[in-house]
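# Breakdown of the fold
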Amino acid sequence: MFSDAKTASSSKEDAASSPTAAVDLAVGTRLKRRREELNISYRQLGDVVGVSSMQVRYYETGARRLGAARLYAISLALDVPIAHFFSDLECRNEEVSHEPREVFVAKPPEELAITEVMRLGKLARQVDDPKVRAIIREMIRGFPASPSE
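Bear in mind that the values here come from a model prediction, so they are computed numbers and not experimental data.

Check the secondary structure of the chain and you find seven helices and zero strands. Helices and strands appear in the chain in the N-to-C order α-α-α-α-α-α-α. Sorting the 149 residues of the chain into buried and exposed places 17% on the buried side. The long-range share in the chain, meaning contacts at least 24 apart out of those at least 6 apart in sequence, stands at 52%. In the structure as shown, the chain presents an accessible area of about 11800 Å², 57% of it carried by carbon and sulfur atoms.

Given below as structure tokens:
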């Protein structure tokens, strides 16, 4: 019991020192408030969104971070817009990074396939042995045109 209280207090200290942890705690507090307004138990909410009642408690205490899809499911279950969880959230300017970051943009599967085929073609041309190149060509021809084939 004592270790649980110690863990709870240290997680609150961590939340105060980390901007992202503070946001998790604020979102969790709003989640708990709304769940209680609707008189919904941990178990009921967990069943609706596909997590355990303990996981809901972790979200509410800020001990676990809510992913976007799960937050969306919770917002639907609690009949509030996602913005509800962030309303009145204060974020000091110095806590927000203004450094440019590299953003990964996912390519559509067709574009990835074309890129991969081009890469394989370049690698195959680097093979000196004509017999090995012929084997590679035959292997590639044996691949299905689409993944379902």
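When pLDDT is averaged along the chain, the result is 74, and 63% of the positions lie at 70 or above. Mean pLDDT values for the elements of the chain range from 44 in helix α1 (residues 2-17) up to 92 in helix α4 (residues 53-61).

For the rest of this paragraph, the subject is the environment of V51. Secondary-structure assignment places V51 in the loop between α3 (42-49) and α4. Sequence separation between V51 and R70 is 19 residues; the distance between their C-alpha atoms is 9.2 Å.

We note that N39 has phi near 60°; this positive angle belongs to a residue other than glycine. Among the structural elements, N39 can be located in the loop between α2 (19-37) and α3. By relative accessible area, which is 69% here, N39 ends up exposed.

In a soluble, globular protein the nonpolar side chains are often hidden away together inside. With 14 residues, the main nonpolar core has L31, L45, Y59, L66, I74, L78 and F85 as its most contacted residues. Ignoring anything within four residues of it in the chain, the contact list for L66 reads V27, L31, Y59, L71 and I74.

Each pair of packed helices can be described by the angle between their axes along with the distance between the axes. It is at 8 Å that the axes of α3 and α4 come closest, and there the two elements cross at 100°. One finds that α3 runs roughly perpendicular with respect to α4. Contacts from Y42, R43, L45 and G46 of α3 reach α4 at S53, V56, R57 and E60. When the residues that make up the contact of α3 with α4 are grouped by side-chain class, the tally is three nonpolar, two polar and three charged.

Evaluated as defined, the whole model comprises four salt bridges. Residue E37 is joined to R34 by a salt bridge in which the shortest nitrogen-to-oxygen separation is 3.1 Å. Of this pair, E37 and R34 both sit in helix α2, three residues apart, which is roughly one turn of the helix. With a relative accessible area of 53%, E37 lands in the exposed category. A relative accessible area of 16% means that R34 is categorised as buried. When the shortest N-O distance is used, the salt bridge between E60 and R35 registers 2.5 Å. Of this pair, E60 sits in helix α4 while R35 sits in helix α2, and the two are 25 residues apart along the sequence. R35 carries the same exposure label as E60, and that label is buried.

The rules behind the values
- Residues numbered from 1 in each chain as written.
- Predicted model: local features only at pLDDT ≥ 70, side-chain atom pairs only at ≥ 80, totals over all residues.
- Heavy atoms only, no water.
- Helix = DSSP H or I, 4+ residues; strand = E, 2+ residues; numbered from the N terminus.
- Buried < 20%, exposed > 50% of the residue type's maximum accessible area, 1.4 Å probe, protein only.
- Contact = heavy atoms within 4.5 Å.
- Areas by Shrake-Rupley, 256 points an atom, 1.4 Å probe, with all protein chains shown as cover.
- pLDDT = per-residue confidence, 0-100.
- Core = buried A, V, L, I, M, F, W, Y, C linked by side-chain atoms within 4.5 Å.
- Axes fitted to C-alpha atoms, helices over the stretch in contact; angles between N-to-C directions.
- Parallel < 35°, antiparallel > 145°, perpendicular 65-115°, else oblique.
- Nonpolar A, V, L, I, M, F, W, Y, C, P; charged D, E, K, R; others polar.
- Salt bridge = Lys/Arg side-chain N within 4 Å of Asp/Glu carboxyl O.

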